[in-house]
Amino acid sequence: MKIAIRTDNLDDLLKAKAKYGDKALILAGGTDVNVKRNRGLIGPEVIISISGITDMKGIVPEKGKLVIGSLSTHSDIENDAAVKRRAFPLHMSCAAIGSPQIRNTGTLGGNIGTASPAGDTLPSLVLLDSIINVMSIRGTRKIKAAKFFTGPGKTVLEKDEIIYSVEVPLGYTSSNSGFFKLGMRDALAISVLSVAWYFDKNGTVGLSFGGVSPVVKRILVKQGLSETAFRKKVSGIISPIDDIRAGAGFRRGVVTDIAFKVYRDGGI
Ligand SMILES: Cc1cc2nc3c(=O)[nH]c(=O)nc-3n(C[C@H](O)[C@H](O)[C@H](O)COP(=O)(O)OP(=O)(O)OC[C@H]3O[C@@H](n4cnc5c(N)ncnc54)[C@H](O)[C@@H]3O)c2cc1C
């Protein structure tokens, strides 16, 4: 690293991103960036530390949705009463991340920016049709979470853009929605796979899957399908791989079993 910038001003961040483009790496909570730097996996020329930008923090209710600043930590989101009551899968996702220390430091924007297929907030954001608001000195863009991720570690973010906030629709409670994560252990474990779901009033079930394809996948299905038809639908949209955490066959079998249990019983 040749240049380290620390700013608490959004305009300065946007100007720095416009100047340095993809030579500059944003540092939010640092729980992904610092691990990669310590392992020598990345060595950006410029690091822009943004944790002091108050404009990018906070959870604000608007009509039918919450607008969550990208610098909100997983603890901020997990402990927010409106998220827990009316965007329940996201509450569950944030509660499932790492450990208290990681949740107090890691941010929603960082989880999105890392764009891991196993990132725990991603299935909930995609499931709930959330909108990611990105910003640059050229202006702002609203991008559906389902269109934001293009592959492991890859997004549609342009080199001068930052993740500013996320709009999360409301109406998803602990009785009609949820999130389940399978990890190698209860805490400090990256997901082997995950499932988020909701049941709507019209008999549609939404399900999204993490860790079983290069990007999170979502399906909407009507209630009342046979087990065979349902399993075929799930199996048709996922493409799991073998990695150090699990084999592809294990992932395919378990995610389909969990999804079917949710579909049949209304939850886990
Ligand atoms: C011990 C440990 C356990 C973990 N457990 C989990 C887990 O259970 N589940 C899980 O999903 N993750 C887990 N993680 C990964 C990590 O904590 C999360 O992905 C976290 O949300 C990252 O947020 P951050 O603010 O620390 O991101 P940073 O490390 O600061 O940044 C991550 C990436 O996002 C980019 N970025 C950050 N903010 C913005 C922004 N506003 N605009 C544009 N780009 C941005 C950065 O440039 C970088 O590429 C774990 C990490 C550790 C070290």
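Chains are numbered independently. Their residues run from 1 in the order of the written sequence. The predicted nature of this model means local features are confined to residues of pLDDT at least 70 and side-chain atom pairs, given and counted, to a pLDDT of 80 or more, with totals for whole chains, interfaces and linings taken over all residues.

> Quick rundown of the packing of helix H10 (residues 227-237) against helix H11 (residues 248-265)? Include the residues and the values.
For every element, the axis is a line fit to its C-alpha atoms; helices are fit only across the contacting stretch, and the angle between N-to-C directions ranges from 0 to 180 degrees. In this description a helix means any DSSP run of H or I spanning at least four residues, a strand means any run of E spanning at least two, and both kinds are numbered starting from the N terminus. Two elements in contact, H10 and H11, have axes separated by 10 Å at closest approach and are oriented at 130 degrees. Between H10 and H11, the interaxial angle falls into the category oblique. Regarding H10 and H11, the two cross each other, and that crossing is right-handed. Of H11, the residues touching H10 (which contributes Glu227, Phe230, Arg231, Val234 and Ser235) are Arg252, Thr256, Ala259, Phe260 and Tyr263. Oblique is the label for any angle not under 35 degrees, not over 145, and not in the 65 to 115 range, which are roughly parallel, roughly antiparallel and roughly perpendicular in turn. Crossings are classed by handedness, with left-handed meaning an anticlockwise turn of the near helix from the far one by less than a right angle and right-handed meaning a clockwise turn. Here, residues touch in the contact sense if the C-beta positions derived from the backbone fall within 7 Å of one another.

> So what's going on with the environment of Val83? Which residues, and what values?
Looking at the element boundaries, Val83 is found in helix H4 (residues 81-86). Setting aside anything within four residues of it in sequence, one finds Val83 in contact with Ile59, Leu66, Ile77, Leu90 and His91.

> Go over helix H5 (residues 88-95), please, and point to the residues and values.
Buried means a residue has 20 or more other C-beta atoms within 10 Å of its own C-beta, exposed means 12 or fewer, and partly exposed covers the counts in between; C-beta atoms are placed from the backbone. Among the 8 residues that make up H5, 7 are buried, leaving the element largely enclosed by the rest of the structure. All of the buried residues in H5 are Phe88, Pro89, Leu90, His91, Met92, Ser93 and Cys94.

> Outline the site of the ligand, supporting the account with residue identities and numerical values.
Think of it this way: take the backbone, place a C-beta atom on it, and check whether that atom is within 6 Å of the molecule or strand, in which case the residue is near it. In the region of the ligand, 28 residues are neighbours, and Gly29, Gly98, Gly106, Gly110 and Gly113 sit closest. For the shell around the ligand, the secondary-structure elements that each account for two or more residues are strand S2 (24-27), helix H2 (33-38), helix H6 (100-105), helix H7 (108-114) and strand S10 (162-169). Of the residues belonging to the shell around the ligand, the class tally is 12 nonpolar, 14 polar and 2 charged. Nonpolar residues are Ala, Val, Leu, Ile, Met, Phe, Trp, Tyr, Cys and Pro. Charged residues are Asp, Glu, Lys and Arg, and all others, Gly as well, are polar.

> Give a detailed account of the nonpolar core, specifying residues and quantitative values.
Counting 67 residues, the largest nonpolar core has Ile48, Ile50, Ala87, Ile132, Val195 and Ala259 as the members making the most contacts within it. Domain start and end points were adopted from an automatic or database domain assignment. When residues of this core are sorted by domain, at least three fall in each of domain 1 (1-52) and domain 2 (177-265). For this entry, the nonpolar core is defined as buried Ala, Val, Leu, Ile, Met, Phe, Trp, Tyr and Cys residues connected by C-beta atoms within 7 Å.

> Describe the sheet that holds strand S13 (residues 204-210), with residues and values.
Whether two strands pair depends on DSSP finding at least two bridges between them. Strand order in the open sheet formed by 4 strands is S11-S12-S13-S14, and the pairing between neighbours is antiparallel. The sheet is open, and its two borders are formed by strand S11 (177-182) and strand S14 (217-222), each paired with just one other strand. In this sheet, neighbouring strand axes are inclined to one another by 15 degrees on average, regardless of whether the strands run parallel or antiparallel. Here S11 runs beside strand S12 (residues 193-199); their pairing, made up of 6 bridges, is antiparallel. Residue pairing across strands places Phe180 opposite Val195, the latter belonging to S12. On the sheet, H5 packs against S11 and S12 and is oriented at approximately 25 degrees with respect to S11. Against the sheet, H11 engages S11, S12 and S13, with an angle of about 20 degrees to S12.

> Run through the sheet that holds strand S1 (residues 3-6), naming residues and quoting values.
Read across the open sheet, the 3 strands follow the order S1-S3-S2; overall the sheet is parallel. Looking at which strands have only one partner, the edges of the open sheet turn out to be S1 and S2. Pairwise comparison of adjacent strand axes, ignoring direction, gives a mean angle of 20 degrees for this sheet. Bridging between S1 and strand S3 (residues 46-49) involves 4 bridges; their strand directions are parallel.

So, to be careful, I would describe these as geometric facts and stop short of saying anything about function.
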